[in-house]
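Structural characterization, general
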Amino acid sequence: LLVKVQNTRVNKSRRKTVVLASTFGALFGVVCLIGCLVLLMRVFKESNEIEGDFLSKVPGMPARYSYENLKAVTEDFSKKLGEGGFGSVYEGALSNGTKIAVKCLDGLAQVKDSFIAEVQIIGSIHHVNLVKLIGFCFEKSHRLLVYEYMANGSLDKWTYGGKDNQSLPWNARRRIITDIAKGLAYLHEDCSQKIIHFDIKPQNILFDQNFNAKVADFGLSKLVEKDQSRVITRMRGTPGYLAPEWLSSVITEKVDVYSFGIVMLEIICGRKNVDWSKIEEDKHLLSIFKRKAGEERLQDMVDKN
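Let me begin by describing the structure that accompanies this report.

Rules and cut-offs
Residues numbered from 1 in each chain as written. Predicted model: local features only at pLDDT ≥ 70, side-chain atom pairs only at ≥ 80, totals over all residues. Heavy atoms only, no water. Helix = DSSP H or I, 4+ residues; strand = E, 2+ residues; numbered from the N terminus. Expected span 1.5 Å × (residues − 1). Contact = heavy atoms within 4.5 Å. Pairing = 2+ DSSP bridges. Salt bridge = Lys/Arg side-chain N within 4 Å of Asp/Glu carboxyl O. Buried < 20%, exposed > 50% of the residue type's maximum accessible area, 1.4 Å probe, protein only. 1 Å grid on protein atoms, 1.4 Å probe; cavity = no way out; pocket = protein on both sides within 12 Å on 5 of 7 lines; lining within 4 Å. Points joined across faces, edges and corners; volume = space filled by probe spheres on them. Nonpolar A, V, L, I, M, F, W, Y, C, P; charged D, E, K, R; others polar. Phe/Tyr/Trp six-rings, centres within 6.5 Å; stacked < 30°, edge-to-face > 60°. Lys NZ or Arg CZ within 6 Å of the ring centre and 35° of its normal.

With 16 residues, helix α6 (residues 254–269) should reach 22 Å at 1.5 Å per residue; the first-to-last C-alpha distance of 23 Å fits that figure. Elements that come into contact with the buried residues of α6 comprise α4 (156–159), α5 (170–190), β7 (194–196), β12 (250–251) and α7 (285–294).

And the structure:
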């Protein structure tokens, strides 16, 4: 009688071979992964150093600060002035007593792009109606921007009912509108390259101690050559202030003019562009504007305060 039996000696040796191959394969994979991570970190570090050196060498760049220095002048970032889409802003004071506002950027690629754009664009231009960039920090993972201190906050705190229930008089509102227009005209017409801001809104209009209005936050801005009439770019900005041209993705500096028009309406009417507390037909400021214009009753929209 012939009976088939399992050859245990062969199976054991085969099993050992499989285990050894799997172990060495896994070990090789781990070594490769660690090597790739080290290489990527080195490339990232070198690219950061190159960009940091590049920013320091560009003519007209503002001062460069260390992270520890900014941590000290802001008292360990203890006095928070506000918060935006890319990070928080803290109050500080330099050794000579000059008050500053330090913006700490949070995030990865998008913040990196925002940081580079802001330092390169606003760092080399100066205008009375643009917030001045005093310096920056580009150190390891830290990205900070140092601005002049704006004592009276942003436009949104004064427009919607007034700060501390104080309503802005008409001469102040007119001056604010004119200041914003002057700042935009400088960006669009008077710089060596055309600068499109892309995010004009009340939160990005700040007031100094004398209540001069200044355009701030150039993180979404884009440089355009003087002879370039249009530019194609991804949609950027804040809903409610985006011009209809964005639907085609081919835009001009007039997207800033549209946003400015919305801000001007908010200043005149004393309310938000979109107010969800209102009834459906009155939620959007432009809807009211269109309706009142058709009825020839635009005077109804003027702020009663």
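Within the secondary structure, asparagine 129 sits in the loop between α3 (109–122) and β5 (133–139). The residues contacting asparagine 129, other than those within four sequence positions of it, are Asp179, Lys182, Gly183, Ala213, Lys214 and Val215.

We now examine the sheet that holds strand β6 (residues 142–148). Judged by pairing direction, the sheet is mixed, and its six strands sit side by side in the order β1-β5-β6-β4-β3-β2 without closing on themselves. In this open sheet, the two edge strands, each paired with only one partner strand, are β1 (63–64) and β2 (80–83).

The subject of this paragraph is the pattern of salt bridges. Applying the stated rule across the entire model yields 11 salt bridges. A salt bridge links arginine 173 to aspartate 303; the shortest N-O distance between them is 2.9 Å. On the criterion of sequence distance, the pair formed by arginine 173 in helix α5 and aspartate 303 in the segment after α7 is long-range, its members being 130 residues apart. On the basis of relative accessibility, which here comes to 5%, the residue arginine 173 falls in the buried class. Take aspartate 303: its relative accessible area is 11%, and that puts it in the buried class. Linking lysine 283 and glutamate 280 is a salt bridge whose minimum nitrogen-to-oxygen distance equals 3.2 Å. Taken together, the shared-partner salt bridges in this structure form one network comprising Lys292, Glu295, Arg297 and Asp300.

This brings us to empty space enclosed by the protein. Under the criterion given, the structure shown has two cavities of 30 Å³ or more. Phe198, Asp199, Ile200, Gly237, Thr238, Tyr241, Leu242, Trp246, Val255, Asp256 and Ser259 together form the lining of the largest cavity. Within the lining of the largest cavity, the residues separate by chemical class into six nonpolar, three polar and two charged. Within this model, the second largest cavity holds a volume of roughly 30 Å³. Every residue lining the second largest cavity is listed: Leu155, Trp158, Thr159, Leu168, Arg173 and Ile267. Across the lining of the second largest cavity, the residue classes break down as four nonpolar, one polar and one charged.

Applying the stated rule across the entire model yields five aromatic pairs. With a centroid separation of 4.6 Å and an interplanar angle of 25°, the aromatic rings of phenylalanine 207 and phenylalanine 211 are classed as stacked. By relative accessible area, which is 16% here, phenylalanine 211 ends up buried. Grouped by ring-pair contacts, the aromatic residues Tyr67, Phe77 and Tyr90 constitute a single cluster. Above the ring of phenylalanine 138, the side-chain terminus of arginine 143 is found at 3.9 Å from the ring centroid. Across from the ring centre of tryptophan 170, 4.7 Å away, lies the NZ or CZ of arginine 173, which sits over that ring.

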